[in-house]
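Structural description and commentary
Chain by chain, the residues:
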Amino acid sequence: MSVYEHFRREERPIIDHFLDLKDQVSKYYAPKLTDFLDPRRQKILHSVIGGEEITFALSGGHAEAERKRALILPPYREAREQDFGLSYIEVDYPSRFADLSHAQLLGALLGTGLVRSKLGDLIVSDGRVQFIAATEVEKFLLMNLTSVGKTAVTCRKIDRASLIHSEESWLESEGTVASLRLDAVMAEIYHLSRSKVSELVARGMAKVNWQIVDRKDFYIEEGDTLSLRGYGRSKIIVIAGLTKKNKIRLRYGKLK
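The structure displayed is predicted, hence computed values, not measured ones.

Rules behind the numbers
Residues numbered from 1 in each chain as written. Predicted model: local features only at pLDDT ≥ 70, side-chain atom pairs only at ≥ 80, totals over all residues. Heavy atoms only, no water. Buried < 20%, exposed > 50% of the residue type's maximum accessible area, 1.4 Å probe, protein only. Helix = DSSP H or I, 4+ residues; strand = E, 2+ residues; numbered from the N terminus. Pairing = 2+ DSSP bridges. Phe/Tyr/Trp six-rings, centres within 6.5 Å; stacked < 30°, edge-to-face > 60°. Lys NZ or Arg CZ within 6 Å of the ring centre and 35° of its normal. Axes fitted to C-alpha atoms, helices over the stretch in contact; angles between N-to-C directions. Parallel < 35°, antiparallel > 145°, perpendicular 65-115°, else oblique. Left-handed = near helix turned anticlockwise from the far one by under 90°. Contact = heavy atoms within 4.5 Å. Nonpolar A, V, L, I, M, F, W, Y, C, P; charged D, E, K, R; others polar.

Thoughts on the pairing of strand β3 (residues 68-73)
Of all 6 residues in β3, 5 are buried, a share of seventy percent or more. Judged from the 4 bridges that link them, strand β1 (residues 32-37) and β3 form a sheet pairing that is antiparallel. Each residue of the ladder has a partner; that of L37, found in β3, is K68. The pairing of strand β2 (residues 55-59) with β3 spans 5 bridges and is antiparallel. Of the residues in β3, the one forming a bridge with S59 is R69.

What follows is the structure in structure tokens.
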């Protein structure tokens, strides 16, 4: 059975990357560390490497972490927390006069020129803002992340014990859509026109369950996690049947 069989065609490059790392670990008997992986890529990694002599361990810096780095290990090697190359950073800002959101923080971090794979979880809770990053970009971020939106910020390194332990906060809403197509659902959630959503989808700015989807007619299901670059993340909580006018009722959440 091909390792590619259960995955989308566009996921083949990441599968090939994992296979290459696995071969390097086997050949040179030395661990290999990945960048941060979203849950979908963690699942792919498990399919590629799980259950063989070459193993892997995951860490995102805290027990509830969504984004994690993987350490691919040769036989008889165990991972230590310091092997994962994680840095913990607090963002200081005038919280009495400004509110920072997850989407604003992500936009500012990517605005420094970094790729998403060098960044772990972003934590925004009760006026405090923190994030986890790869150690190799720590100094760059401490120097270059000086604003989030229109708010001036400063960054400082903290230790793992100082991380905020809080659950993600979602704002729930209800709405109706004509169909469960991606463009219709995102237009409702993000209060955009379907033509605007279609344009963003075509540019590769939409994800469903952490996978880029570039088809506006992709059908959404209950439980799906969606994101639209620049507009944040959302999830479909319930598809609740039809209205009298044959529109589909949705209950959805948006990450605060």
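Here we look at the packing of aromatic side chains
Taken as a whole, this structure holds 1 aromatic pair when the rule is applied. Ring geometry for Y190 against Y231: centres 6.3 Å apart, planes inclined by 55 degrees, an arrangement best described as tilted. Residue Y190 is located in helix α5 (residues 182-190), and its partner Y231 is located in the loop between β13 (225-228) and β14 (232-242); the two are separated by 41 residues in the primary sequence. The lysine or arginine in question, R12, covers the ring of Y4, its NZ or CZ lying 4.5 Å from the ring centre.

Re the packing of helix α1 (residues 12-28) against helix α2 (residues 39-49)
Two elements in contact, α1 and α2, have axes whose closest approach is 10 Å; the angle formed by their N-to-C orientations is 50 degrees. Put simply, α1 runs oblique to α2. Considering only the axes of α1 and α2, their crossing is right-handed. Two secondary-structure elements touch here, α1 through I14, I15, F18, L19 and K22 and α2 through R41, I44, L45, V48 and I49. Split into classes, the residues belonging to the contact of α1 with α2 amount to 8 nonpolar, no polar and 2 charged.

Bear in mind that shape data such as this cannot, by itself, settle questions of function.
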